[in-house]
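Close look at the chain arrangement
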Amino acid sequence: MRHHTSRTLRRVLHHLTPLRQPPPKPPPPCPLSTLTTLSLSSTLHRLVPPPSIPQFSRSFSAQLSSADVNAVVDEINLKFAEAREEIESAMELKETVYFDEEAEIARVAVRETVELFEGLLGRLEGKERDAVVRSMGLKIEQLKAELEQLNE
């Protein structure tokens, strides 16, 4: 009788098996065209390192188009704003246990901004270089001075 019960059970299970549904398929990946650019918080920028701008020798500086220069200037302006926000955030936390961490984040942001600016200057010559120094030089010096205030 026991043998008969297991055979019956197998038959029943065999007939029920087609009723089972296959596991659901994972959703297809989202195509890049549907993604939108978001304004990221400074916290996210800390987690994801920014892409570095390749450094070229002087012989390639003539090939740097004005669109490329404008793109780098825009990135420097963005980094400048982020660095100022980080300095402001650290200043608000002065004399708290969180200050050291926030101050280090601000130092890194300022260092990245200055390096990006100096890297651009290294790729430019003559009038183009002078124009960038005139338009952004004081902002970079202001950033350095604000960092010094933070370090005091």
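First, a word on scope: everything that follows refers to the structure included in this document. Per chain, residues are indexed from 1 in the order of the written sequence. The model is predicted, so local features are restricted to residues of pLDDT at least 70 and side-chain atom pairs to those at 80 or more, both for listing and for counting; the totals for chains, interfaces and linings are taken over all residues. Note: side-chain values were computed over all heavy atoms of the structure, leaving out hydrogens and water.

Focus: the pattern of salt bridges
- Think of a salt bridge as a Lys or Arg side-chain nitrogen and an Asp or Glu carboxyl oxygen that are within 4 Å of each other. In the structure shown here, the tally under the stated rule is 5 salt bridges.
- The salt bridge involving Glu-146 is made with Arg-84; its shortest N-O contact spans 3.1 Å. With Glu-146 in helix α5 (residues 126-151) and Arg-84 in helix α3 (residues 66-92), this residue pair connects regions lying 62 residues apart in the sequence.
- The buried label applies to any residue whose accessible area, calculated with a 1.4 Å probe on protein chains only, is under 20% of its type's maximum; exposed applies above 50%, and partly exposed to all values in between. Accessibility expressed as a relative area gives 16% for Glu-146, which makes it buried.
- Note that Arg-111 and Glu-104 form a salt bridge whose closest N and O atoms lie 4.0 Å from each other.
- When its relative accessible area of 43% is taken as the criterion, Arg-111 is described as partly exposed.
- Within the structure, one salt-bridge network assembled from shared partners comprises Glu-104, Arg-107 and Arg-111. We count a stretch as a helix when DSSP gives it H or I for four or more residues in a row; a strand needs E for two or more, and each element gets its number in order from the N terminus.

Some words on α5
- For α5, spanning 26 residues, the distance from its first C-alpha to its last is 35 Å, which sits close to the expected 38 Å at 1.5 Å a residue.
- Consider a residue and the seven residues that end there alongside the seven that start there; fitting an axis to each set, the bend is the angle between those axes. Maximum bend of α5: about 50°, positioned at Met-136.
- Those residues of α5 that sit buried are Val-132, Met-136, Gly-137, Ile-140, Leu-143, Glu-146, Leu-147 and Leu-150.
- Residues are treated as being in contact if the distance between any of their heavy atoms lies within 4.5 Å. Considering only its buried residues, α5 is in contact with α3 and α4 (99-123). Here the expected length of a helix is defined as 1.5 Å per residue gap, with one fewer gap than residues.

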